[in-house]
Protein chains: 2
Amino acid sequence: MFKLTRKVEYALIALRHMQNKGSEVVTNTKEIAEAYDIPVQLLAKTLQHLAREGIIDPVQGPHGGYRLTANLEDLNLTDFIELLEGPMGLMDCYFDSNCEQLGVCNIRLPIVKINDSIRNMFNKMSLADLTK
Amino acid sequence: MFKLTRKVEYALIALRHMQNKGSEVVTNTKEIAEAYDIPVQLLAKTLQHLAREGIIDPVQGPHGGYRLTANLEDLNLTDFIELLEGPMGLMDCYFDSNCEQLGVCNIRLPIVKINDSIRNMFNKMSLADLTK
DNA sequence: TTAAATACGACTTTATTGGTCGTATTTAAT
DNA sequence: ATTAAATACGACCAATAAAGTCGTATTTAA
Ligand code: SF4
Ligand code: SF4
């Protein structure tokens, strides 16, 4: 419990890798997969996802790959995680409202507070902080 | 992802319920299960777990149940979660060291820092904070 | 024309979480 | 003593989520 998914980790690894090479350079999936021992197909899907979200730019054809386009300073960790994995909350009721206990729950408010603190903390962290 | 487990939520609900009734009072599983619509058997196991950990005290036989014994001021959220669910970390390598990527990982340190911040935050919260 | 790359959905496998069942034990009340 | 209301606990099952694979299509430089 309470773990980042592999998908998020792989995405971060890839972004950091690309950032180290500079933002003009095109890096292909295979290179990253081999460098970090990540299943190629899975990394491929993850990078495609990042591309769809406009964080990296695809270059097709031979010698293709991805180029880092987003300014990582401007992307915070909450947004990044949510764009890969959907709503991030300690409990169901933070977004969803079909928890059986919702009406009678006696711990909702304190947990909302904790969740807010974590989100707040993540909001203040840019991806650039993580990749430098 | 990133959710507290039901077990942890049920445990918190139960502790808060018991705390509201005062620490001398004996409360049985069924009462809590009914009040919050929690599956009895599951709550039972959870309370047994809390009892084993010395947080509540079992009273057997008819009119039995549990009595709150631990001082919730002295129990922090990290310890509480870990005693119910085991090691809590954003990534495998925080405790375990058989991640495939461990040797080459380029994001480990930043993630360790984030994880430390969260643990630190949880360390500073007592269960009493959550149940009052 | 070929080959190296991305694109993408369907699928399978594995791990985790959530929940149930059966049976034993304790003990207050009758 | 017997009964019934409770805890104790491990084995089991079900549902969900995460991790990974496959097949096929498309793009494009050489
Ligand atoms: S209502 Fe209570 S039990 Fe349900 S998800 Fe929210 S905090 Fe958890
Ligand atoms: S080594 Fe890197 S990839 Fe592996 S668990 Fe730690 S942070 Fe995640």
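Only a predicted model underlies this, so the values are computations on that prediction, with no experimental measurement involved.

Caption draft 1: Quick look at the domain arrangement of chain A. All names here are of chain A. Assigned domains of chain A: these are domain 1 (6–68) and domain 2 (76–131). Centre-to-centre separation of domain 1 and domain 2, based on C-alpha positions: 27 Å. Tallying the contact residues gives 12 residues for domain 1 and eight residues for domain 2. Interface area, domain 1 with domain 2, both sides summed: about 980 Å², of which 73% is carbon and sulfur. Listed by contribution, the elements that provide at least two residues to the side of domain 1 that touches domain 2 are α1 (6–20) and α3 (40–52). A per-element tally of the side of domain 1 that touches domain 2 places α1 first, with eight residues. Partitioned by chemical class, the residues of the side of domain 1 that touches domain 2 number six nonpolar, three polar and three charged.

Caption draft 2: Fine view of the site of ligand 1. The immediate surroundings of ligand 1 are formed by Met91, Asp92, Cys93, Cys99, Gln101, Leu102, Cys105 and Arg108 of chain A together with Arg6 and Glu9 of chain B. The site occupied by ligand 1 is bordered by residues of chains A and B. Looking at the shell around ligand 1, its residues break down into five nonpolar, one polar and four charged.

Caption draft 3: Molecular detail of the protein's contact with DNA strand C. For DNA strand C, the set of nearby residues contains 25 residues, the closest of which are Met1, Thr29 and Tyr66 of chain A together with Gln60 and Pro62 of chain B. Among atoms of DNA strand C positioned within 4 Å of the protein, sugar and phosphate together represent 69%. In the environment of DNA strand C, a phosphate oxygen lies 3.4 Å from a nitrogen or oxygen atom belonging to the side chain of Arg52 of chain A. The backbone of Gly61 of chain B places a nitrogen or oxygen atom 3.5 Å from a base oxygen of DNA strand C. Elements supplying a minimum of two residues to the surface near DNA strand C: α3, β1 (56–59) and β2 (65–68) of chain A together with α1 (6–21) and α3 (40–52) of chain B. The residue makeup of the surface near DNA strand C, split by class, is nine nonpolar, 11 polar and five charged.

Conventions used here
- Residues numbered from 1 in each chain as written.
- Chains lettered and ligands numbered in written order.
- Predicted model: local features only at pLDDT ≥ 70, side-chain atom pairs only at ≥ 80, totals over all residues.
- Heavy atoms only, no water.
- Domains from an automatic or database assignment.
- Contact = heavy atoms within 4.5 Å.
- Buried area = accessible area lost by both parts, 1.4 Å probe.
- Helix = DSSP H or I, 4+ residues; strand = E, 2+ residues; numbered from the N terminus.
- Nonpolar A, V, L, I, M, F, W, Y, C, P; charged D, E, K, R; others polar.
- Near = heavy atom within 4 Å.
- Polar contact = N/O pair within 3.5 Å; in protein donor to acceptor, adjacent residues only side chain to side chain.

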